[in-house]
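Single-letter residue listing:
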Amino acid sequence: GQQLNQSPQSMFIQEGEDVSMNCTSSSIFNTWLWYKQDPGEGPVLLIALYKAGELTSNGRLTAQFGITRKDSFLNISASIPSDVGIYFCAGLIQGAQKLVFGQGTRLTINP
Amino acid sequence: SQTIHQWPATLVQPVGSPLSLECTVEGTSNPNLYWYRQAAGRGLQLLFYSVGIGQISSEVPQNLSASRPQDRQFILSSKKLLLSDSGFYLCAWIDGVLWETQYFGPGTRLLVL
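One numbering rule holds for all chains: residues counted from 1, following each sequence as written. Here every chain gets a letter starting at A, and every ligand a number starting at 1, in the order they are written. Given that the model is predicted, a residue must reach a pLDDT of at least 70 before its local features are reported, and side-chain atom pairs must reach 80 or more before they are shown or counted; all residues, however, enter totals for whole chains, interfaces and linings. Side-chain metrics rest on all non-hydrogen atoms present in the structure, leaving aside hydrogens and water.

## Observations concerning the sheet that holds strand 3 (residues 19-26) of chain B
All names here are of chain B.
Okay, step 1: For two strands to count as paired, DSSP must find a minimum of two bridges between them. Starting at the N terminus, helices and strands are each numbered in turn, a helix being any DSSP run of H or I of at least four residues and a strand any DSSP run of E of at least two. Taken in spatial order, the 4 strands line up as 1-3-8-7 in an open sheet, and their pairing is antiparallel. Looking at the sheet topology across the chains shown, the edges are occupied by strand 1 (3-7) and strand 7 (65-70). Sheet twist, expressed as the mean angle between neighbouring strand axes with direction ignored, is 20 degrees.
Okay, step 2: Across 4 bridges, strand 7 lies against strand 8 (residues 73-78) in antiparallel orientation. Bridging from a neighbouring strand, Q70 pairs with Q73 of strand 8. Every axis in this analysis is a line fitted to C-alpha atoms, fitted for helices over the stretch in contact. Angles between the N-to-C directions lie between 0 and 180 degrees.

Listed below in structure tokens is the structure:
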């Protein structure tokens, strides 16, 4: 089946640093979604990408839909303590009835 | 606007007891509905999904079952819980026509003792 390889699995950074994570696959996706999950809560959508090459920002977050449609990255600039959590990428293949999720990137920030 | 509800929020059940978790969606029609399970600190495992009333697709053979008795209601059940059923259960929906974004509910934390 389709798989998404999300990296890194975990990150330990200092407050104020920039963060970069990515997802890659051997499959072509029509949509890429990035979520953030806080402890004990459901994942919340951060950014949605619908076109190859699309670069979208949401405040300090920037995500891109790879040209090959097989990858996507998420950047967080000037990290703050509330950025702590687990970040998931998800991809949708045309005609499929379900998303494919990455395994998540756990972000920890040292003040 | 659309909202998704799950209840209960937390549940502690003995091994061998039955289970019923409910998910309802408001503000949309004919959504695709999904049940995921998440072990502590881990990724999302898709358990079941439904594209319409009475239509259930199972992703992982296990001790659980799902039902969709109404358009915007999705139920996760078990006749006899196992210790390994403990986890964080998430319901999600996506517009089956637009296929743009999937939204998650707040989750149910289940502890089987």
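## Considering the state of the cysteines
Okay, step 1: By definition, disulfides here are pairs of cysteine sulfur atoms that lie within 2.5 Å. One pass over the structure, following the stated rule, counts 2 disulfides over all chains.
Okay, step 2: With its sulfur 1.8 Å from that of its partner, C23 of chain A forms a disulfide with C89 of chain A. Disulfide C23 of chain A to C89 of chain A: torsion about the S-S bond roughly -90 degrees, handedness left-handed. A residue pair is termed long-range when its members are at least 10 positions apart, and C23 of chain A in strand 3 (residues 19-24) and C89 of chain A in strand 9 (residues 85-92) qualify at 66 residues. Take C23 of chain A and C89 of chain A: they sit in the same class, and that class is buried.
Okay, step 3: Between the sulfur atoms of C23 of chain B and its disulfide partner C91 of chain B the distance amounts to 1.9 Å. One disulfide, between C23 of chain B and C91 of chain B, carries an S-S torsion of -75 degrees and so falls in the left-handed class. Placement of the pair is C23 of chain B in strand 3 and C91 of chain B in strand 9 (residues 87-95), with a sequence separation of 68 residues. Under the scheme applied here, a residue whose accessible area is under 20% of the maximum for its type counts as buried, over 50% as exposed, and between as partly exposed, the area being computed with a 1.4 Å probe on protein chains only.

## Overview of the packing of aromatic side chains
Okay, step 1: Each Phe, Tyr or Trp ring, with Trp reduced to its six-membered ring, pairs with another whose centre is within 6.5 Å; inter-plane angles below 30 degrees give stacked pairs, above 60 give edge-to-face pairs, and intermediate values give tilted ones. The full count for this structure, using the stated rule, is 10 aromatic pairs over all chains.
Okay, step 2: A centroid spacing of 5.8 Å and a plane angle of 65 degrees characterise the contact between F101 of chain A and F104 of chain B, whose relative ring orientation is edge-to-face. Highlighted residues: F101 of chain A in strand 10 (residues 100-101) and F104 of chain B in strand 10 (residues 102-104), drawn from two different chains. Here F101 of chain A and F104 of chain B have matching classes, each one buried.
Okay, step 3: Site record: aromatic cluster; members linked through ring pairs are Y35 and F101 of chain A together with Y34, Y36, Y49 and F104 of chain B.

## Side note on the confidence of the model for chain B
Okay, step 1: Known as pLDDT, the predictor's confidence for each residue is given on a scale from 0 to 100. With 100% of its residues at a pLDDT of 70 or more, chain B has an overall mean of 94.
Okay, step 2: Considering each helix and strand of chain B separately, the mean pLDDT is smallest for strand 10 of chain B, with a value of 94, and largest for strand 8 of chain B, with 98.

## What to know about the interface of chain A and chain B
Okay, step 1: Should any heavy atoms of two residues lie within 4.5 Å, those residues are counted as being in contact. At the junction of the two partners, chain A supplies 20 residues and chain B supplies 22 residues.
Okay, step 2: Note on definitions: buried area is the accessible-area loss of two parts on being combined, 1.4 Å probe, summed for both. For the pair chain A and chain B, the summed buried surface comes to about 1,600 Å²; carbon and sulfur atoms form 59% of the total.
Okay, step 3: Taken as a group, Q97, K98 and F101 of chain A account for 32% of the area that chain A buries against chain B, more than any other trio of residues on that side.
Okay, step 4: We count a salt bridge whenever a side-chain nitrogen from Lys or Arg sits within 4 Å of a carboxyl oxygen from Asp or Glu. Linking chain A with chain B are 1 salt bridge.
Okay, step 5: Here K98 of chain A and E59 of chain B are joined by a salt bridge, their closest N and O atoms 2.7 Å apart.
Okay, step 6: The definition of a polar contact used here is a pair of N or O atoms within 3.5 Å, where within protein one atom must be able to donate a hydrogen and the other to accept one, and adjacent residues in sequence count solely through side-chain atom pairs. Across the contact surface, chain A and chain B share 7 residue pairs in polar contact (both at pLDDT 80 or more).
Okay, step 7: Among the elements of the structure, strand 4 (31-37), strand 5 (44-49) and strand 9 of chain A are those that each provide at least two residues to the side of chain A that touches chain B.
Okay, step 8: Take the side of chain A that touches chain B: its biggest share by element is 4 residues, from strand 4 of chain A.
Okay, step 9: Under the convention adopted here, Pro, Cys and the residues Ala, Val, Leu, Ile, Met, Phe, Trp and Tyr are nonpolar, Asp, Glu, Lys and Arg are charged, and Gly plus all remaining residues are polar. Here the side of chain A that touches chain B is composed, by residue class, of 11 nonpolar, 6 polar and 3 charged.

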